[in-house]
Amino acid sequence: MRAFPILGAAFSIPMKINLKIKRFNPETDKKPHWETYTVEVEPTDRVLDALHEIKWNQDGTLALRRSCAHGVCGSDAMRINGRNMLACKVLIQNIAKDGDTVTVEPILGLPVIKDLIVDMEPFFAHYRAVMPYLVNNDPLPENGRERLQSPADRERYDDTTKCILCAACTTSCPSFWARGEYVGPAAIVQAHRFIFDSRDQAAQQRLEILSAQDGVWRCRTVFNCTEACPRGIQVTKAIGEVKEALRTGIIQ
Amino acid sequence: MASTTVTPGRTVRKVQPIPQTRNRLELALWMFMRYSGLALVFLALSHFWMQHVLIGTHEIEFAGTQLRWGITGQPVTVEQLIWRAYYAVMLILAVAHGINGVRQVAYDYFGHRPATYKGLMYVVVAIAAIISLGGILALFMGAAAGGEAALR
Amino acid sequence: MLTPLITTARESLRYRGSGHVLWLLHRVTGLGVVIFLGTHIFGMSMATFNPPLHEAMLAVYKTPLFSLGEIVLAACLIFHAVNGTRIAILELRPALWDKQEVATRWSVIITLILLAPTIAIMAFKSISYYATHGLR
Amino acid sequence: MPQYHQFDALVVGAGGAGLMAALYASKSVNTAVISKLYPTRSHTGTAQGGISAALGNLEEDKWEWHAYDTIKGGDFLCDQDAVDIMCREAIDAVIDLEHMGLPFDRTPDGKISQRRFGGHTNNETKKPVMRACHAADRTGHMILQTLYQNCIKNNVKFFDEFQVIDVLIEDGKCNGVVAVQLATGEIHVFHSKATLIATGGFGKMWKVTSNAHSLTGDLPAAVLRRGLPLEDMEFFQFHPTGVYKLGILLSEAARGEGAVFINDKGERFMERYMPTLKDLAPRDICSRCIYTEIREGRGIGGKDYVYLDFRPEQINKYFEADGNPKRIDAHYLETRLPDIIEFARVYQGIDPIKEPVPIQPTAHYAMGGIPTDNDARVLADETGRIVEGLYAAGEVACVSVHGANRLGTNSLVDLVVFGKRGGIAMAEYCKQASFRPINRDAAAKEGAAQLDRIRNNNGNERPHAIRKEMQAVMDDKVGVYRTGAGLEEAIDKIHELQARYKRIRIDDKGFKWNTDLMEAWELGALLDLAEVTAFAALARTESRGGHYREDYPNRDDVNFLKHSMAWKNGTITLKYKPVRITRIQPQERKY
Ligand SMILES: Cc1cc2nc3c(=O)[nH]c(=O)nc-3n(C[C@H](O)[C@H](O)[C@H](O)COP(=O)(O)OP(=O)(O)OC[C@H]3O[C@@H](n4cnc5c(N)ncnc54)[C@H](O)[C@@H]3O)c2cc1C
Ligand code: HEM
Ligand code: SF4
Ligand code: F3S
Ligand code: FES
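Residues numbered from 1 in each chain as written. Chains lettered and ligands numbered in written order. Predicted model: local features only at pLDDT ≥ 70, side-chain atom pairs only at ≥ 80, totals over all residues. Heavy atoms only, no water.

## What about the overall build of chain B?
Looking only at helices and strands, chain B has 5 helices and 1 strand in total. Along chain B, helices (α) and strands (β) appear in the sequence β-α-α-α-α-α when read from the amino end. Looking at chain B as a whole, 46% of its 152 residues are labelled buried. Taking contacts inside chain B between residues at least 6 apart in sequence as the whole, the part at least 24 apart equals 66%. (Helix = DSSP H or I, 4+ residues; strand = E, 2+ residues; numbered from the N terminus. Buried < 20%, exposed > 50% of the residue type's maximum accessible area, 1.4 Å probe, protein only. Contact = heavy atoms within 4.5 Å.)

Structure, rendered in structure tokens:
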């Protein structure tokens, strides 16, 4: 007799699901259209696996970005069943039962180039706009060693260092859909990471950039961003803290 | 600073207030939305419950309004003055809050068309100004006018 | 010209987020109250400037259609007020965003608690009014 | 129309190594970075554990100890002068990263925090030493982000989502690269004085791997096709604990906390193989034992995996059996192993606190690659002749600092140290060199032809089927265990697949974002590397580090204390070069 049961039906019972994918081929189509594929998957497969199954065995023209396949590179943010997530971080069994249909479409608010691939340039332009780098013009420590920082000061901005620039947050934000000029939650998260770093000296400039009309004040605290963030970053809170710094002039 | 020790705990830093006027306006309006909203919770809800729920719309009569505002032609009482102030504050806050709310929404959807956005806002502000000016006048200068009206 | 409006409106309805629904309602109710407020102030100021018009408007207030609209207005105002309070409090204390989910739930609960008796009383008064006065 | 660009220095690949090189080269010469992914999506971002440097922030440490540990870990195949450079310069490199803004965890007195890691020791007491500098369990992510941030600060020019498909080499000199812009499908010719290759690993030869889908060895294959050799390709590290089927890494920390391997019979099988060290035996040994169980039919349900069991009550039971007084509970595990537990929960839907986790060894790290000298200059042959204008750094390069088996955390050290050296060397070179003329139209045409051949091919083979079969045979025959017969079989299979590859047909005939085309092209690169790997493994009739031959289970210093170099022109040619041994003589590797 076997000492353990073979793990969960999980590993043995394949299931059939339909994937309804929003397709767009810039070389032939004028408008995007929906296409449905039926694939056999294991319940523990990721949505990414199902997309690969289609791409590799049914229709090679399906275009998507992906790399790491375990939720740390930020390539494959897409809208799955109406909500932004990473295709490689959601298991089929968590969103569908045998025979269900799963909808997959590109993230919203950035121009679609092909199928699930959008133009990320506007997103990265916002990122670059908030000075996403440490500024410290003091001379380096004379002993040639590291700048010091207390564990509490380090902890202060820990949450926002996790960002992988996947754009799931920014493209889940109604303010961003309405107006692409809004810097968006991801850029604010990046600014937060430096504003609250005790080693940094450019908080003033960053806050000034963020106080512009299309800066933090465009955030209507919708909270979609926090819900979408695959890294579990408290995005809305970070935005709130930036607003607080702007309001009070105190960074703590 | 190239210091060789570190103070435990969290550093607090200060920044200058943001200088550009336009940016300060966004901040000010943002604050206004929050504080006026909180004030309106009491003003608007109490008003609504009083008039629409406790009294009930069906019982509202012109005479009641005349009495509360003091536009019956009789000398104005302190109580009536307090009612007038209550309505005036509520009116100003609600209109300002509403206008800025509309501005936010309009900026979202028409901001990419500056001319449309501006035109729309002129219209909204103009209508709101006329209506609320009318409202204020009705409250405070209504004594005389109201007196006449009451006689009619 | 209307594309952002149309996409946002369409996708706003299709996107599935929890805070998202509250935002949508907040916006719609806010705009709804703005429109009512405009007509309301106008109507009330007529108490001074044009009492007959004012009385005519009061008469409109006493029609069943308006009574129904009034209940919707109550829902809009109360929801907007409760949810607005949530936003204001959480934003003035960003640390509280941790409690967003709880706050969201409570927004809905408090709205319902306030709304239930309000609607009950209003409906009761309307019905008894129309019962005695008949429908016009 | 092909497009044409000219830069003094080019960097291909925007992982840790590429960005570090770009940062240093761009300080003095006109530099561009070409990457097929957005830089922050490079695989460096997945590294967790830490980056080692003998800072001695928490206890005494010396770079010489670090060097010794590295050489011993590499089963004495490391070039020792290179190791010395790496371990000495690691200290400044880590401090440099801190100055750039990297949010290292801190000690109570504000210094960079360090922790223990497998194989890193105090050479005198033989006890583990705290050497790995870390930023939570996201050290690689933070390195990647910090370097990218600094590149933005310094206005480094980026060509994101441009895939390099050819390296322009003429008369033993490199003049740039040919790339395809993925968004448009256009061919771009990049003309440069110096080019640095930093395209990372190529673990996608195997099915079960911790490597990203993008790690397909495009550039090693391109230089191989241009007549340059690859070094030590037979050495590939297999990490014992990958998530079943997915290969996602579960760090050694789990076993450090008491987790054990279990086979289908519920037996703690490591007891049989390693009675003293048991489940904490070195990586290569654990991987081998797991495969033995699977092959002998004791994989779970007869399948190709075993369990990693870290249910608290089981751990306590084993503690008791081992006479260890320590007892733990669920809460303890949740706080010590949050990431591993999350991976199991997300990807297997299994709560490791309640159920054992299916794992299997996973192809992890390429010790071999493009041969370079200590300044990242690419070597043309076993005598050390350099290819002018061509550099390589990071996992794709073989310096060789990792020898036959890489020590944990040392890859990140390799990236920053040799990335920086490469960047500086390129800048120096560019200042005195001038552009060599190139025939840009011919280069563009050749590049386009490579792709058109695949795009327009009208065979009957699906690329995915070929890839699947390649991965299966690599897993099976060129994995943890290798035998002469198995390797020969693998080589035959790869040859068959290469022939079938010529008859592939793809669905997408377009130009814009044609991932179907690029995946098929990448498959060609993987097949070439698989062939070289299998050949080099067949020729090395000994077992050393990551390379284990069942038919030759012992290390053979007499015949094989040397690096392999492989060329491919039609067939594979192998040559060897000696290992540079300076301070430390080879000895038996035991811990
Ligand atoms: C799961 C995991 C955990 C690890 N943990 C650790 C650890 O704790 N400590 C440690 O020291 N090491 C660790 N490693 C190893 C280490 O992370 C890698 O070896 C290292 O990051 C490789 O960096 P790189 O700069 O060489 O390449 P990568 O970071 O892989 O970057 C490759 C770059 O090349 C580009 N590229 C590839 N092909 C092309 C092409 N054809 N054209 C243009 N661009 C191209 C890509 O876009 C990318 O930018 C780990 C590895 C894995 C897989
Ligand atoms: C009763 C108490 C009220 C509270 C607590 C309140 C609170 C708020 C807050 C905090 C906002 C800002 C939302 C944001 O920026 O995301 C807001 C927006 C708004 N409010 Fe109110 N408000 C109240 C009453 C009113 C009234 C009476 C009106 C109508 C005149 C109104 C109309 C609006 C509008 C139109 C918006 C903009 C909605 C948007 O941007 O989506 N509010 N309210
Ligand atoms: S904050 Fe979260 S959702 Fe937004 S880009 Fe960063 S990781 Fe993605
Ligand atoms: S969704 Fe958008 S409105 Fe603010 S809270 Fe998030 S950025
Ligand atoms: S593929 Fe890397 S995050 Fe999904």
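Having seen the structure, we can now continue with the description.
## Description of the overall build of chain A
Counting its secondary structure elements, chain A contains 9 helices and 8 strands. Expressed as lengths along the three principal axes of its C-alpha atoms, the size of chain A is roughly 60 × 60 × 35 Å. Across chain A, contacts joining residues at least 24 apart in sequence account for 65% of those joining residues at least 6 apart. For chain A, the exposed area adds up to about 7,900 Å²; of that, 50% sits on carbon and sulfur atoms. One way to put it: in chain A the 32 positive side-chain charges average out to a point 2 Å from where the 31 negative ones average out. (Areas by Shrake-Rupley, 256 points an atom, 1.4 Å probe, with all protein chains shown as cover. Lys, Arg positive; Asp, Glu negative; His and termini not counted. Charge placed at Lys NZ, Arg CZ, Asp CG, Glu CD.)

## Quick word on the packing of helix α4 (residues 114-140) of chain B against helix α2 (residues 18-49) of chain C
Between α4 of chain B and α2 of chain C, whose axes approach to 8 Å, the crossing angle comes to 35°. Judged by the twist between their axes, the crossing of α4 of chain B over α2 of chain C is left-handed. Together, Ile131, Gly134, Gly135, Leu137 and Ala138 of chain B of α4 of chain B and Gly38, Ile41, Phe42, Ser45, Thr48 and Phe49 of chain C of α2 of chain C make up the contact between the two elements. (Axes fitted to C-alpha atoms, helices over the stretch in contact; angles between N-to-C directions. Left-handed = near helix turned anticlockwise from the far one by under 90°.)

## Regarding the domain arrangement of chain A
All names here are of chain A. For chain A, the assigned domains are domain 1 (5-118) and domain 2 (121-248). Each of domain 1 and domain 2 was reduced to a C-alpha centroid, and the two centroids are 30 Å apart. Between domain 1 and domain 2, the contact holds 14 residues from the first and 15 residues from the second. On the domain 1 side of the interface with domain 2, the three residues burying the most area are Asn84, Leu108 and Leu110, jointly 42% of the side's total. Across the domain 1-domain 2 interface, the total number found is 0 salt bridges. On the surface where domain 1 and domain 2 come into contact, there are 3 residue pairs in polar contact (both at pLDDT 80 or more). (Domains from an automatic or database assignment. Buried area = accessible area lost by both parts, 1.4 Å probe. Salt bridge = Lys/Arg side-chain N within 4 Å of Asp/Glu carboxyl O. Polar contact = N/O pair within 3.5 Å; in protein donor to acceptor, adjacent residues only side chain to side chain.)

## Some remarks on the coordination of the iron atom of ligand 2
Only His97 of chain B (NE2) and His80 of chain C (NE2) from the protein reach the iron atom of ligand 2 as donors, at distances of 2.0 Å. Viewed at the metal, the 6 donor atoms of the iron atom of ligand 2 are separated by angles of 85 to 179°, and the geometry they form is octahedral. In this pair, His97 of chain B is assigned in helix α3 (residues 78-110) and His80 of chain C in helix α4 (residues 64-92), connecting two distinct chains. (Donors = N, O, S within 2.8 Å, 3.2 Å for Na, K, Ca; no water. Tetrahedral: all angles 85-135°; square planar, octahedral: opposite > 155°, others 65-115°.)

## Comments concerning the site of ligand 1
Residues and elements named next belong to chain D. Around ligand 1, 40 residues are found, and the nearest of them are Ser42, Thr44, Asp218, Glu395 and Ser411. His43 places a main-chain nitrogen or oxygen 3.4 Å from an oxygen atom of ligand 1. Protein chains bury 97% of the 1,000 Å² of accessible surface belonging to ligand 1 in isolation. Among the secondary structure elements, those contributing two or more residues to the shell around ligand 1 are α1 (16-25), β2 (31-35), β7 (162-170), α5 (218-225), β14 (357-366) and α12 (410-432). (Near = heavy atom within 4 Å.)

## Description of the environment of Pro325 of chain D
Looking at where Pro325 of chain D falls in the secondary structure, it is placed in the loop between α9 (312-321) and α10 (330-336). Counting along the chain gives 116 residues from Pro325 of chain D to Asp441 of chain D, while the straight-line C-alpha distance between them is 73 Å.

## Concerning the interface of chain C and chain A
In this assembly, 21 residues from chain C lie in contact with 28 residues from chain A. Taken together, the two surfaces of chain C and chain A that pack against each other cover about 2,200 Å², and 54% of this comes from carbon and sulfur. Considering only the side of chain C, the residues that lose the most area to chain A are Tyr15, Pro94 and Trp97 of chain C, jointly responsible for 30% of the buried surface there. In this structure, Asp98 of chain C and Lys237 of chain A form a salt bridge, with 3.4 Å as the shortest nitrogen-oxygen distance. Sorting the residues of the side of chain C that touches chain A by element identifies α1 (3-14), α2 and α4 of chain C as the ones contributing at least two each.

## Brief notes about the state of the cysteines
Residue and element names in this part refer to chain D. Scanning the model with the defined rule gives 0 disulfides over all chains in all. The cysteine Cys151 is free of any disulfide, with Cys430 supplying the nearest cysteine sulfur at 16 Å. Its relative accessible area of 0% is what places Cys151 among the buried residues. (Disulfide = S-S within 2.5 Å.)

## Describing the sheet that holds strand β3 (residues 51-52) of chain D
Within the open sheet, the 3 strands sit side by side as β3-β5-β4 (chain D). Their pairing is antiparallel. Every interior strand has two partners, whereas the edge strands, β3 and β4 (114-115) of chain D, have only one. (Pairing = 2+ DSSP bridges.)

## Examining the site of ligand 3
Taken together, the neighbourhood of ligand 3 is formed by Cys163, Ile164, Leu165, Cys166, Ala167, Ala168, Cys169, Ala186, Cys229, Pro230, Arg231 and Ile233 of chain A. Taken together, the residues of the shell around ligand 3 break down into 11 nonpolar, no polar and 1 charged. (Nonpolar A, V, L, I, M, F, W, Y, C, P; charged D, E, K, R; others polar.)

## Observations regarding unusual backbone geometry
With an omega dihedral of 5°, the bond running from Val399 of chain D to Ser400 of chain D counts as a cis peptide bond. Checked against the element boundaries, Ser400 of chain D lands in the loop between β18 (397-398) and α12.

## A short note on the interface of chain A and chain D
Listed as interface residues are 76 residues of chain A and, on the opposing side, 75 residues of chain D. Between chain A and chain D, roughly 6,300 Å² of surface is buried when both sides are summed, and carbon and sulfur atoms account for 53% of that area. Taken together, the links from chain A to chain D amount to 8 salt bridges. Between Asp105 of chain D and Arg154 of chain A there is a salt bridge; the shortest N-O distance is 3.4 Å. Counting across the chain A and chain D interface gives 39 residue pairs in polar contact (both at pLDDT 80 or more). At the level of secondary structure, the elements contributing two or more residues to the side of chain A that touches chain D comprise α1 (47-57), β6 (112-114), α3 (121-129), α4 (151-156) and α6 (184-195) of chain A. Here the side of chain A that touches chain D is composed, by residue class, of 36 nonpolar, 17 polar and 23 charged.

## What to know about the packing of aromatic side chains
A full pass over the atoms with the stated rule returns 29 aromatic pairs over all chains. When the ring of Trp217 of chain A is compared with that of Trp30 of chain B, the centres are 5.0 Å apart and the planes differ by 50°; the resulting orientation is tilted. On the criterion of chain membership, the pair formed by Trp217 of chain A in the loop between α7 (203-210) and α8 (224-228) and Trp30 of chain B in helix α1 (residues 21-56) is interchain, its members lying in two chains. Both residues of the pair, Trp217 of chain A and Trp30 of chain B, belong to the buried class. An aromatic cluster is present here, built from Phe123, Phe124 and Tyr127 of chain A together with Tyr38, Tyr148 and Phe158 of chain D joined pairwise through their rings. It is Arg88 of chain D that lies over the ring of Trp63 of chain D; its NZ or CZ is 5.1 Å from the centre. A cation over a ring is seen here: Lys157 of chain D above Phe159 of chain D, with NZ or CZ 4.9 Å from the ring centre. (Phe/Tyr/Trp six-rings, centres within 6.5 Å; stacked < 30°, edge-to-face > 60°. Lys NZ or Arg CZ within 6 Å of the ring centre and 35° of its normal.)

## A word on the confidence of the model for chain B
All names here are of chain B. On average, residues of chain B score 81 in pLDDT, and 82% of them are at 70 or above. Confidence, read as mean pLDDT per element, is least for helix α5 (residues 142-151) in chain B (46) and greatest for α3 (91). Below pLDDT 50 for its whole length, residues 143-152 participates in 17 contacts with residues either more than four positions away or in separate chains. (pLDDT = per-residue confidence, 0-100.)

## Here's the deal with the side chain of Lys204 of chain D
Looking at the secondary structure, you find Lys204 of chain D in the loop between β9 (186-197) and α5. Although buried, Lys204 of chain D forms no salt bridge, and the nearest oppositely charged side chain, Asp49 of chain A, lies 8.6 Å from it. Each residue touching Lys204 of chain D, except ones within four places of it in the same chain, is listed here: Thr209, Asn211, Ala212, His213, Leu215, Thr216, Met470, Gln471 and Leu526 of chain D.

## Quick notes on the pairing of strand β5 (residues 101-105) of chain A
All names here are of chain A. Among the 5 residues in β5, 4 count as buried, and that is most of the element. Summarising the sheet, strand β3 (residues 77-80) and β5 pair through 2 bridges and their orientation is antiparallel. Residue pairing in the sheet places Arg79 in a bridge with Glu105 of β5.

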